[in-house]
Structure formats: structure tokens, C-alpha cells
Amino acid sequence: YEGLVLREEGRFAEALPLLEARVRRAEGRGRRHRSAAYGFDLGLTLHGLGDLEGAWSRCEGSLRAFWEMGEMATLARVLDGMAALAWDRGRGADAPRLWGGAEAVRQRHGFFWAPVDRARFERCSAPVRAALGEAVFAAAWEEGLALSVEEAVALALSQERGSGRDAWAKGM
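My aim in this report is to walk through the structure given alongside it, one point at a time. Each residue is numbered by its place in its chain's sequence as written, counting from 1. Residues qualify for local features only when their pLDDT is at least 70, as the model is predicted, and side-chain atom pairs are given and counted only at 80 or more; totals for whole chains, interfaces and linings, by contrast, use all residues. As a rule here, side-chain values cover all heavy atoms of the structure and leave hydrogens and water aside.

This part is about the packing of aromatic side chains. For any pair of aromatic rings, geometry is given as the distance between the ring centres together with the angle between the planes. Between rings of Phe, Tyr and Trp, where Trp is taken as its six-membered ring, a pair exists when centres lie within 6.5 Å; planes separated by under 30 degrees are stacked, by over 60 edge-to-face, and by other angles tilted. Applying the stated criterion to the full structure yields five aromatic pairs. Here the aromatic rings of Trp 99 and Phe 121 are separated by 5.4 Å at their centres, their planes lie at 85°, and the arrangement is edge-to-face. On the criterion of sequence distance, the pair formed by Trp 99 in helix H6 (residues 94–109) and Phe 121 in helix H7 (residues 115–132) is long-range, its members being 22 residues apart. For the pair formed by Trp 99 and Phe 121, the shared burial category is buried. The rings of Trp 99, Trp 113, Phe 121, Phe 137 and Trp 141 are connected pair by pair, giving a single aromatic cluster. Here a strand is any run of E in DSSP of at least two residues, a helix any run of H or I of at least four, and the numbering for each starts at the N terminus. Relative accessibility decides the category of a residue: with a 1.4 Å probe and only protein chains considered, values under 20% of the type maximum give buried, values over 50% give exposed, and everything between is partly exposed.

Shown next, in the form of C-alpha cells:
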């Protein structure tokens, strides 16, 4: 778990080889759930390193796997991670919608935030709230809460760009 601790401490470069090794071991043993979970951990680390496309690829693969396995608790965690990633990839309006969609999954299935996930959400959502404004953020969050699980997954997997922070900064 050293790689996870390093990632949570913001020591992404040190966490990377440890998490890559974890993914390889799980994949080599054919452990689909662990491969997807470790792939998501690796995606968060790549995001921290600024490799947005590598992070998106890892998170997308994990989301698809958890969706196919019907693993809703972890699917909600991945949606949270993809929300922060969506913001950094220039899909600003999607970020609060995805966080709302993740919350909807938790509510519908009786799951709660893990403390580390809640802290990550607070840290990642603060700049989004500041840029969009609380009213816009809250409206998009509510839209996400109204999504079905299928709709939230489809939103996360969409590759459209252009509604991101650059558009918001220009007043669009």
C-alpha cells in the first residue's frame, strides 16, 4: 500500500512505479476486479503527474470494468476521479455533473464516502466551484443527481471537449 500512501501525500513520481507493478501483477494473475481497482489508482497517479490522456485511459478502463461487473461502490469512486479529470481535460460543466452522478450512485445503493475520497473531492472540487461559481456548480451537481447510473457512465465515457474551464473563463 506504499504506492497509495505516496499518491495521497502528493508524491506521484515515487508512487508511479509501485502502482504500475501492482497493476501488472493483478493483470498477470487474471484478477479483473483488482486490475480495475489498481488501474484506477494508477489513473489518479497519472493525473497527479499531469498525464491527462494516460489517466483518462486508465480511469476509462476501470469504469468499464466496474460497470460490467456491476460493482457500484467502486464505480462511484471512479466517477468521482473522472470528474476531477474531466475538469482538467477541458470538460468543465461535466465535472460537477459527474460528481453529482457519483453521489446519486452512492445514494441509490446505500454507500457512503470513504474519508480519503471525501477529502479528495473537497480538494478537487474547490477550484471548480471557484471558477464556475457556486450557483452554476450546484445546478450542474443537481443535474448529475438526476442521472441514472447508465447516464452517468455514458457522460463519463464521452470524449467531447470544449465545455471546459477555458470556455467558462471566457464567459461562455
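With that out of the way, let us pick up helix H2 (residues 12–28). By this rule the span expected of a helix is its residue count minus one, scaled by 1.5 Å. Compared with an ideal rise of 1.5 Å per residue, which puts 17 residues at 24 Å, H2 spans 24 Å between its outermost C-alpha atoms and is within 8% of the ideal. Along H2, the positions that sit buried rather than exposed are Ala 15, Leu 16, Leu 19, Ala 21, Arg 22, Val 23 and Ala 26. The contact rule is simple, with two residues in contact once any of their heavy atoms fall within 4.5 Å. Those residues of H2 that are buried lie in contact with helix H1 (2–8), helix H3 (32–48) and helix H4 (52–69). Looking one or two residues past H2, Gly 30 carries a phi angle of roughly 70°, positive in sign.

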